Amino acid sequence: MSSAGSAANAAAAAKFWDYFQQQKEEINALAARNKQDASQRIRELDSSLREAFIYLPPYDQKRLGKDLDELRAQHHQQRVSSKLQGFKFKSAAAKPNNALATASSSVAAAISEQQPSSEGSNAPALQHSAGSSHKFAGISDSWIVADMTSVLGNEGSSSSPTDCELRDITNSIVDLRQISHSLRALNCHRIQSSIIICGPFAGSVTVRDSNTCVLVLGARQFRLENSQRVDVYLHCTSHPIIEKSSSIRFAPYPAELRTPRIEQEFGTSQLGLQPNSFDKVDDFNWLKRQASPNWSLQQASALPLANVWLLLDDASRPREKLAQAMLPVLRE
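Residues numbered from 1 in each chain as written. Predicted model: local features only at pLDDT ≥ 70, side-chain atom pairs only at ≥ 80, totals over all residues. Heavy atoms only, no water.

### Observations concerning the nonpolar core
The test is simple: Here, nonpolar core refers to any group of buried Ala, Val, Leu, Ile, Met, Phe, Trp, Tyr and Cys residues whose side-chain atoms link them within 4.5 Å. Here the term buried applies to any residue with accessible area under 20% of the maximum for its type, exposed to any over 50%, and partly exposed to those in between, with areas from a 1.4 Å probe on protein chains only.
Ranked by internal contacts, the top residues of the largest apolar core, which has 36 residues, are Leu-166, Leu-176, Leu-186, Leu-215, Phe-222 and Phe-250. Ile-195, Tyr-233, Phe-266 and Leu-312 belong to the second-largest nonpolar core, a separate cluster that totals 25 residues.

### Some words on the confidence of the model for the chain
Going by this rule: The pLDDT score gives, residue by residue, the confidence of the prediction method on a 0 to 100 scale. Where helices and strands are cited, they refer to DSSP runs of H or I of at least four residues and of E of at least two residues respectively, numbered from the N terminus. Throughout, a residue-residue contact means that at least one pair of heavy atoms, one from each residue, lies within 4.5 Å.
When pLDDT is averaged along the chain, the result is 77, and 75% of the positions lie at 70 or above. Averaged over each element, pLDDT in the chain is lowest for helix α4 (residues 105-111) (33) and highest for strand β9 (residues 204-208) (95). In the model, residues 83-131 has pLDDT below 50 throughout and makes 93 contacts with residues more than four positions away in sequence or in other chains.

### Here we look at the packing of aromatic side chains
The description of an aromatic ring pair rests on the distance of the ring centres and on the angle between the ring planes. Going by this rule: Aromatic pairing here means that ring centres of Phe, Tyr or Trp (its six-membered ring) are within 6.5 Å. Orientation follows from the plane angle: under 30 degrees is stacked, over 60 is edge-to-face, and everything else is tilted. Definition used: whenever NZ (Lys) or CZ (Arg) falls within 6 Å of the ring centre and also within 35 degrees of the ring normal, the charge is taken to sit over that ring.
In this structure the tally under the stated criterion is 7 aromatic pairs. On the basis of an interplanar angle of 85 degrees and a centroid distance of 5.3 Å, the ring pair of Tyr-233 and Trp-309 is categorised as edge-to-face. Of the two residues, Tyr-233 sits in strand β12 (residues 228-236) while Trp-309 sits in the loop between β16 (295-297) and α7 (319-326), which places them 76 residues apart along the sequence. Seen from their ring centres, Phe-250 and Trp-295 are 6.1 Å apart, and the 85 degrees between their planes marks the pair as edge-to-face. You can see Phe-250 sitting in strand β14 (residues 246-252) and its partner Trp-295 sitting in strand β16, a full 45 residues away along the chain. Assessed through its relative accessible area of 0%, Phe-250 is described here as buried. One aromatic cluster is present, built from ring pairs that chain together Phe-16, Tyr-19 and Phe-20. The ring of Phe-266 carries Arg-258 above its face, with NZ or CZ at 3.9 Å from the centroid.

So this is what it looks like as structure tokens:
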């Protein structure tokens, strides 16, 4: 039986390899004509690849994953080049949630409501393009609460899911719970000494090149690359993946943050209807039978921030004091 199973897996892997190469060629050809359709095809190929992990050998998983990352990066660069030639997007700082208490002067200055920056301004900002993607970049010493108005302008709503990118975030708290239902993917790059909080959505999360941070996430897929000292509070319906990472701790999505609205989103996204696989981590750099030394499981109540989640939405607690309490204890 095992021999027959191995042969079947090998045949399926070979068939998928050919399929993957064909899709790459078609996407590259399509990108020149319709970049939006090419983006959709890349997302579909990513989903197909993750589904194929059940029978692909580790080497093929890593090789095809790298090929897909390169394809995604190439396509992204083409989109950026095209936009720079023909368009200029508005930039605006994310608006704070006024129901929460005020922040310290330094934090308030970073997150207070601002008019769109004038041409030539290089202040850290949220860049948005309705129906395309949201981007928070170059943020430090700030408490950001994203809402639909801040990411979509005065429209305040969107009929189609979109991507969100966090890049170069340092010593900050970024709360995406109010927009998580609108996401299809969350991509994080270079998150340092920060806390990222997101509600559940039926898509994927990728985190790269990050250090000493806390992530609260609910998604179908989760991947962490080239990162150290990260606490991940996770609800994930597939096996989380880590690669070239160490000192990673996994715990379930905090019960304190599962408010009625978040519970509703768990139902809408159908994540709540499937088992949480946060504890079934695949380490692509550890192929031995023994447990990987690069990650561990923790009870959510045992991690440093267990006692402060309820304070996030407490209007009587100034953000200054909350930030002072939360950020220094990221990895106690």
